[in-house]
Amino acid sequence: MSISDNIKRLKNETSILSVTLIAVSKTKPIADIQEAYDAGQRFFGENMVQELVDKHEQLPKDIQWHLIGHLQSNKVKYIAPFISLIESVDSIKLLQEIDKHAEKDNRVIDCLLQIYIADEETKFGLGFDEAIELLRSEEFARLKHIRIRGLMGIATNTDNEKQLKDEFYELKTFFDGIKQSYFRKDAAFDTLSMGMSSDYKIAIEQGSNMVRLGSTIFGKR
């Protein structure tokens, strides 16, 4: 199937369930992204800041770019003027940096807190306790140019469906608790981003409302 066929099929599948489809376009050429765009896709996810900046300059300006990879504080300034959502916030230091550059650009930047749910050392993210500590901190209370829209998590890279279900279930349960405790009156806290090409159906079953799909759209790397 072509990229545009994949987009149309997946948009039908996800929109019925009120799930936002993020097309993970890292390492993909401009022509492939343009094809997905022409098929109606507007949300794209990138891992690397430089690649994201280059693509933003070359592609239509109504694309909503998500940064889904690990973000270093010293790279925030390059994406602050245009980024739609930073899904991979994993420290108060990074939030402070985003806040600083958002203020310079006279905007509020939407962010997700990345929560560590995988049984793998290589993944980034806040532990459940660390996320709560961050939200309770005075430093967080001082930030005026960021908006926490929800949580993001990456499950273990495994074929074990029970493990995937458990990890996604834990994150959904934590999301509900955080919403109740810290964002009860904030309608903008509404996003739970979990699920990639290999596990997105399980993630949606467990309560995800945003999925990040690469190979399912663009084919294998």
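Look up: the structure comes first, before these words.
Criteria and cut-off values
- Residues numbered from 1 in each chain as written.
- Predicted model: local features only at pLDDT ≥ 70, side-chain atom pairs only at ≥ 80, totals over all residues.
- Heavy atoms only, no water.
- Pairing = 2+ DSSP bridges.
- Helix = DSSP H or I, 4+ residues; strand = E, 2+ residues; numbered from the N terminus.
- Axes fitted to C-alpha atoms, helices over the stretch in contact; angles between N-to-C directions.
- Phe/Tyr/Trp six-rings, centres within 6.5 Å; stacked < 30°, edge-to-face > 60°.
- Buried < 20%, exposed > 50% of the residue type's maximum accessible area, 1.4 Å probe, protein only.
- Lys NZ or Arg CZ within 6 Å of the ring centre and 35° of its normal.
- Parallel < 35°, antiparallel > 145°, perpendicular 65-115°, else oblique.
- Left-handed = near helix turned anticlockwise from the far one by under 90°.
- Contact = heavy atoms within 4.5 Å.
- Nonpolar A, V, L, I, M, F, W, Y, C, P; charged D, E, K, R; others polar.
- Right-handed = clockwise from strand over helix to strand, strands pointing away.

**Student:** I would appreciate a short explanation of the sheet that holds strand β8 (residues 210-213) in the present structure.
**Tutor:** Sheets are built from strands that pair by backbone hydrogen bonding, the pairs being arranged parallel or antiparallel. Overall, parallel pairing links the eight strands, which are arranged β1-β2-β3-β4-β5-β6-β7-β8 in a closed barrel. Across the sheet, the mean angle separating the axes of adjacent strands is 30° when strand polarity is ignored. Note that strand β2 (residues 43-46) and strand β3 (residues 64-67) share four bridges and pair parallel. In the sheet register, Gly45 faces β3, and the bridge partner there is His66.

**Student:** Sorry if this is basic, but what is going on with the packing of aromatic side chains here?
**Tutor:** Think of a pair of aromatic rings as described by two things: how far the centres are apart, and how the planes are tilted against each other in angle. For the coordinates displayed, the defined rule picks out four aromatic pairs. An angle of 5° between the planes, with centres 4.2 Å apart, marks the rings of Phe183 and Phe189 as stacked. With relative accessibility at 8%, the residue Phe183 sits in the buried group. Following the ring pairs from residue to residue traces out a cluster consisting of Phe175, Phe183 and Phe189. Geometry around Tyr37 places Arg42 over its ring, the cationic atom sitting 3.6 Å from the centre.

**Student:** What should I look at first to understand the packing of helix α1 (residues 3-16) against helix α2 (residues 30-38) in this one?
**Tutor:** Packed helices, taken two at a time, are described by the angle their axes make and the gap between the axes. Viewed as axis vectors pointing N to C, α1 and α2 meet at an angle of 40°, and their least axial separation amounts to 8 Å. Considered as vectors, α1 and α2 are oriented oblique to each other. The hand of the α1/α2 crossing is right-handed. On α2, the residues touching Ile3, Ser4 and Ile7 of α1 are Asp32, Glu35 and Ala36. Of the residues contributing to the contact of α1 with α2, the split by class is three nonpolar, one polar and two charged.

**Student:** Would you mind going over the pairing of strand β6 (residues 146-153) with me for this structure?
**Tutor:** For a regular strand, side chains alternate in direction, first toward one face of the sheet and then toward the other. Across the eight residues of β6, seven count as buried, placing the element largely inside the fold. Each parallel crossover has a hand, and the one from β6 via helix α8 (residues 161-182) to strand β7 (residues 191-196) is right-handed.

**Student:** For this particular structure, what's the right way to read the packing of helix α6 (residues 128-136) against α8?
**Tutor:** Orientation of α6 relative to α8, taken along the N-to-C sense of each, is 20°, at an axis distance of 12 Å. The angle between α6 and α8 falls in the class roughly parallel. For the crossing formed where α6 meets α8, the hand is right-handed. Of α8, the residues touching α6 (which contributes Phe128, Ala131, Ile132, Leu135 and Arg136) are Glu170, Leu171, Phe174, Ile178 and Tyr182. Residue composition of the contact of α6 with α8, grouped by class: eight nonpolar, no polar and two charged.

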